[in-house]
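Below are the chains, spelled out letter by letter.
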Amino acid sequence: MRAALVLPPGATSISQPYTSISYLAAAAKSAGHAVVQRDLGIELIHRTLAPERVRPGLEICGGSSAGIGRWELERPGASRMRRLLADRIEGLLKSRCPDLVTAVARARAILADPAVYYEASELHWAVRALYWTACVSLMEHYPWSWNTTGSDRFSLSAEPSLELLTAPRPEERIAHHAAPGTFLGDFYEETVLPGLLAVAPDYVGISLSFTEQLLPGLALAKAIKRRSPGTHVGFGGELVARFDNDDFPRRMLDTLLAVGDSVVVGEGETALVALLEQLDGRRDLRAVPNLITRDADGAIVGPQVRCGEDVNRWPVPDYAGLDLDLYLAPVKSLALSPSRGCYWKKCAFCAMSRSAGATYRERSVERFADDVAELVRVCGARHFMFMGDAITPPWLARASAALIARAPGIVWDTEVRFERAFTAGILRSMHQAGCRVLRFGFESGSQRVLDAMRKGTRLDVVERIIAACHDAGIRVGLQGFVGFPGETKREAEATFRFILSHRPQVSSATMTVFRLFQGSAVFADPETFGVVPLGRFVTGGFEYKVKRGMSHARANAVQQELIHRYTEEWIDLFNPLYNNACGSPPTLLYAARYGTAVFPRSRIYEQQARASWSRGPGVEDERV
Ligand code: B12
Ligand code: SF4
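Since we're looking at a predicted model, the values are computed, not measured.

Asks: Explain the overall build of the chain to me, please; I cannot follow it from the model alone.
Replies: Scanning the chain from N- to C-terminus turns up 26 helices and 20 strands. Sorting the 624 residues of the chain into buried and exposed places 60% on the buried side. Partitioning the intrachain contacts of the chain with sequence separation of at least 6 by distance along the chain shows that 74% fall at a separation of at least 24. Per element, the accessible surface of the chain, about 23400 Å² overall, is 52% carbon and sulfur. Here the chain contributes 73 positive and 69 negative side-chain charges, whose respective centroids are spaced 3 Å apart.

Okay, structure coming up:
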């Protein structure tokens, strides 16, 4: 069978591919199928930055703020953002480049240059140049726009996808966006379908992980079906796994199965291989685990069998099947998933990965080290992000020994809990094996709040591990948030003070605001946590009221107030471009270069951050 596996546009790192389709491709190939992979996210970014697509946007701008003002008259409601775009373009070009087309070329050169990349202001300018130029290019396609949190990830606006969740006739919208003459329709028709359909795939699998990919993924399915009605189009991924589990978006399954033919909910390797076998033979789709489809009468059926993966069964992910030269970084970095599921599972705010399910599984350290060695050999990568919900210290200790023996000279980062088992000795051997950054689910600097969250960590242990990481040469990133139900402003302040008082051992941090997620313990048992759900879905969670502590709005305001108050102390901890509290290739590359030393500071970033934070709540200026 011939299969094509696709990451639709919507949520894309410019420096590295997302994992899912390369895992699936490896499994399908090992079962004898031919597979092509496409990351349409990075392809769309390149298309958007092409000179012929930047120019119409520039014409709308008239190259000046006044021009943007004229454009805005015809599209009310976005004036602040358009003004900002004009300012940003002027700021971007000032004394650097004559025009945006030159700016893009220069930015690409910086991102490919193994020396200049490590000058923080240059890196920052290059990523901003691409981002703001991509925004200009999209002006003629309003309301499509790019968002970024200032990192290396460019996301398409989530609103069109979110609106689809509640739209009365979602299929009409999908058909509209799939049609030639529209932003996505033209991209698919001109850039995607010719190559994709040239291989005459029997099956096209579309991977949906993030909300922003929903409408683009469905429009792609529609466009494929229009050109090739006989091709089986299937969906899978973390986002659709949520549609299966939660009552609210389950109705989206109707839409997925109106546009495509099947949906895999949960892990996909066994399901994909079984599906390809059935499409090639008896076509009994009921035999395919984790698969939802329609029966002959059009009723939604399945999955009849559920299947979690034996993570040792499948070969190394097939990254060589992607065009890795499309990513914009001086070295290749790849993400690997050493474990699936979470072994702790108790944090009350967390809606763990749906596709991986509740069972924690680890790949054997020998196989994992061989995977890494293979990717070094085949793809020339030396930088790796080990991704999962949480990985245990004993596995990391054993994996370090295996990596030292089988894949010397690599560098990596990963995401962990503050476990007592992280001894100085384990951390030193992890560093020896190439670990340069650990990202911790820190959450709060108040022991009472940690206990209320059922986090299972102790601040004295946190302090010991932070110091031991620093001594071992490993950078520490803390992920925290304010506004857990019942939390007071004083407790939120304690979190900020904890982080700031542990510098320089803590080299970066993120501080978000609590969201009520379906699938979390707070959502399941609101009474216990003093929460009253209001039932309305908003971006990233559900609306709620609290019986005590800070409301969501108050938590937002407190978060902004504290960031504002501590701007100077916070500023280099918080740079989203190389913030090691979130996984990002620039961070790992910088950590590999600079170790635990303070990263070079980016003047451009700091000016922007001071300006936006001093404006107070509503730090929106990276969103156009
Ligand atoms: C790694 C990771 C990232 C990395 C990605 C880096 C990279 N290059 O890959 C980074 C740090 C960039 C990231 C960012 C974010 N992430 Co993230 N991330 C993860 C994480 C920890 C692992 C993902 C992974 O690699 N899994 C391994 C792969 C193999 O699994 P998979 O993608 O689920 O694919 C399997 C199945 O789903 C299925 N499948 C997938 N696609 C398809 C397609 C077909 C056709 C079929 C048949 C099957 C199938 O088969 C696959 C193999 O079994 C997950 C949590 C988790 N454990 O999954 C969160 C997770 C995906 N992230 C999440 C979120 C919220 C984010 C952010 C929005 C966070 C933020 N606030 O900034 C941003 C997104 C920014 C953006 N819009 O671009 C959520 C998504 C929730 C949702 N969809 O509603 C998750 C689930 C975490 C969580 N529990 O909240 N993330
Ligand atoms: S926050 Fe992390 S450690 Fe806690 S339950 Fe969720 S995935 Fe597991």
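Alright, that's what it looks like, and here's the rest.
Asks: How should the sheet that holds strand 10 (residues 300–301) be read in this particular structure?
Replies: The strands making up a sheet associate through backbone hydrogen bonding, with each pair oriented either parallel or antiparallel. Strand order across the open sheet formed by seven strands is 3-1-6-7-8-9-10, with mixed pairing between neighbours. Looking at the sheet topology across the chains shown, the edges are occupied by strand 3 (34–39) and strand 10. Of the pairings in the sheet, the one linking strand 1 (residues 2–7) to strand 6 (residues 203–207) comprises four bridges and is parallel in character. Its bridge partner lying in strand 6, Ala-3 is registered against Tyr-203. Against the sheet, helix 1 (residues 20–30) engages strand 1, strand 3 and strand 6, with an angle of about 175 degrees to strand 3. Packing against the sheet, helix 15 (residues 269–280) makes contact with strand 1, strand 6, strand 7 (232–236), strand 8 (262–264) and strand 9 (291–294), and its axis sits at approximately 155 degrees to strand 6.

Asks: Is there a simple way to think about the environment of Asp-370 in this case?
Replies: In this structure, Asp-370 sits in helix 16 (residues 365–379). Residues Asp-370 and Glu-487, 117 residues apart in the sequence, show an inter-C-alpha distance of 46 Å.

Asks: How should the sheet that holds strand 2 (residues 11–13) be read in this particular structure?
Replies: Taken together, the three strands give an open sheet; going across it, the order is 2-5-4, and neighbouring strands pair in antiparallel fashion. The open sheet has two edge strands, strand 2 and strand 4 (146–147), and neither has a second partner. Bridge analysis of strand 2 against strand 5 (residues 153–156) gives three bridges, and the strand direction is antiparallel. Considered in strand 5, the bridge of Thr-12 is made with Phe-154.

Asks: I tried to follow the side chain of Ser-137 on my own but got confused; where do I start?
Replies: When you line up the elements, Ser-137 lands in helix 7 (residues 120–137). A distance of 3.1 Å separates a polar atom in the side chain of Ser-137 from the backbone oxygen of Arg-53. If near-sequence neighbours (up to four positions away) are discounted, Ser-137 is found in contact with Thr-48, Arg-53 and Val-54.

Asks: What exactly am I supposed to notice about the site of ligand 2 here?
Replies: Taken together, Cys-342, Trp-344, Lys-345, Lys-346, Cys-347, Phe-349, Cys-350, Met-352, Asp-389, Arg-417 and Lys-455 form the complete shell of residues around ligand 2. Here the shell around ligand 2 is built from residues that sort into six nonpolar, no polar and five charged.

Asks: Honestly, helix 17 (residues 393–406) in this entry has me stumped. Any pointers?
Replies: Since the α-helix turns once every 3.6 residues, residues separated by three or four places project in the same direction. For helix 17, with 14 residues, the first-to-last C-alpha span of 20 Å sits near the 20 Å given by 1.5 Å per residue. Residues of helix 17 that are buried sit in contact with strand 13 (361–362), helix 16, strand 14 (383–386), strand 15 (411–416) and helix 18 (424–432).

Asks: Looking at this structure, how should I read the site of ligand 1?
Replies: Neighbouring residues of ligand 1: 39 residues in total, closest Gln-16, Tyr-18, Thr-19, Ser-207 and Ser-209. Between ligand 1 and Gln-16, the relevant distance is 2.7 Å, taken from a nitrogen atom to a side-chain nitrogen or oxygen of the residue. Ser-207 is positioned with one of its side-chain polar atoms (N or O) 2.6 Å from a nitrogen atom of ligand 1. Put simply, the parts of the chain that give the shell around ligand 1 at least two residues each are helix 1, strand 5, strand 6, strand 7 and helix 12 (238–245). Considering each element in turn, the shell around ligand 1 owes the most residues, four residues, to strand 6.

Asks: Would you mind showing me how to read the pattern of salt bridges here?
Replies: If the charged atoms of two oppositely charged side chains come close together, the side chains can form a pair. For the structure shown, the criterion picks out 36 salt bridges. Close ionic contact of Arg-286 with Asp-284 constitutes a salt bridge, the shortest N to O distance being 3.2 Å. Accessibility expressed as a relative area gives 51% for Arg-286, which makes it exposed. Owing to a relative accessible area of 18%, Asp-284 belongs among the buried residues under this scheme. Ionic contacts of the salt-bridge type, sharing partners, join the residues Lys-489, Glu-493, Arg-497, Glu-561 and Arg-565 into one network.

Asks: So what exactly am I meant to see when it comes to the packing of aromatic side chains here?
Replies: Between two aromatic rings, the relevant description is the distance of the centres plus the angle of the planes. Taken as a whole, this structure holds 28 aromatic pairs when the rule is applied. Joined through ring pairs, the aromatic side chains of Phe-349, Phe-481, Phe-484, Phe-514, Phe-529 and Tyr-544 make up one cluster. It is Arg-340 that lies over the ring of Tyr-23; its NZ or CZ is 5.4 Å from the centre. Lying over the aromatic face of Tyr-118, Arg-593 brings its terminal NZ or CZ to 3.8 Å of the ring centre.

Asks: For this particular structure, what's the right way to read the pairing of strand 15?
Replies: A regular strand places its side chains so that they alternate between the two faces of the sheet. By the criterion of burial, strand 15 is predominantly enclosed, with five of the six residues buried. In the sheet, strand 14 pairs with strand 15 via four bridges, with the strands oriented parallel. When the bridges of strand 15 are listed, Met-385 appears paired with Asp-413. Crossover connection from strand 14 via helix 17 to parallel strand 15: handedness right-handed. Direction of pairing for strand 15 relative to strand 16 (residues 435–443): parallel, over a ladder of five bridges. The residue bridging Thr-414 from the neighbouring strand is Leu-438, located in strand 16. For the crossover from strand 15 across helix 18 to strand 16, the handedness is right-handed.

Asks: Sorry if this is basic, but what is going on with the pairing of strand 7 here?
Replies: Across the five residues of strand 7, five count as buried, placing the element largely inside the fold. Side chains His-232, Gly-234 and Gly-236 of strand 7 all project onto a buried face; the interleaved residues Val-233 and Phe-235 project onto the opposite face, where all are buried too. In this fold, the crossover linking strand 6 to strand 7 by way of helix 11 (residues 214–227) has right-handed handedness. The pairing of strand 7 with strand 8 spans three bridges and is classified as parallel. Paired with Phe-235 across the bridge in strand 8 is Val-263.

About the thresholds
Each chain carries its own residue numbering, running from 1 in the written order of its sequence. The lettering of chains begins at A and the numbering of ligands begins at 1, in the order of writing. In view of the model being predicted, local features appear only for residues whose pLDDT reaches at least 70, and side-chain atom pairs are presented and counted only at 80 or more, with totals across whole chains, interfaces and linings using the full set of residues. No hydrogens and no water enter the side-chain calculation; it runs on all heavy atoms of the structure. Numbering of helices and strands runs from the N terminus; a helix is a DSSP stretch of H or I covering at least four residues, while a strand is a stretch of E covering at least two. Accessibility here uses a 1.4 Å probe with only protein chains present; expressed as a share of the type maximum, an area under 20% marks a residue as buried, one over 50% as exposed, and anything in between as partly exposed. Residue contacts are defined here by distance: any two heavy atoms, one from each residue, within 4.5 Å place the two residues in contact. Computed by Shrake-Rupley with a 1.4 Å probe, the accessible areas treat only the displayed protein chains as cover when residues are assessed. Just so you know, the count uses Lys and Arg for positive and Asp and Glu for negative, and it drops His and the chain ends. Where a charge sits is defined by one atom per residue type, namely NZ (Lys), CZ (Arg), CG (Asp) or CD (Glu). At least two bridges found by DSSP between two strands are what make those strands a pair. What counts as an axis is a line fitted to C-alpha atoms, over the stretch in contact for a helix, and the angles between N-to-C directions run from 0 to 180 degrees. Any N or O atom pair separated by 3.5 Å or less is treated as a polar contact, with the protein-specific requirement of one donor-capable and one acceptor-capable atom, and with residues adjacent in sequence counted only for side-chain atom pairs. Near residues are defined by distance, with any heavy atom within 4 Å of the molecule or strand qualifying the residue. Under the convention adopted here, Pro, Cys and the residues Ala, Val, Leu, Ile, Met, Phe, Trp and Tyr are nonpolar, Asp, Glu, Lys and Arg are charged, and Gly plus all remaining residues are polar. Here, expected helix span is obtained from the residue count minus one, scaled by 1.5 Å. Every case where a carboxyl oxygen of Asp or Glu lies within 4 Å of a side-chain nitrogen of Lys or Arg is listed as a salt bridge. Put simply, two rings from Phe, Tyr or Trp (the six-membered ring, in Trp's case) pair if the centres are within 6.5 Å, and we call them stacked under 30 degrees between planes, edge-to-face over 60, tilted for the rest. Geometrically, a lysine NZ or arginine CZ counts as sitting over a ring once it is within 6 Å of the ring centre and also within 35 degrees of the ring normal. By convention, orient the strands away from the viewer: a clockwise path from the first strand over the helix to the second makes the crossover right-handed.

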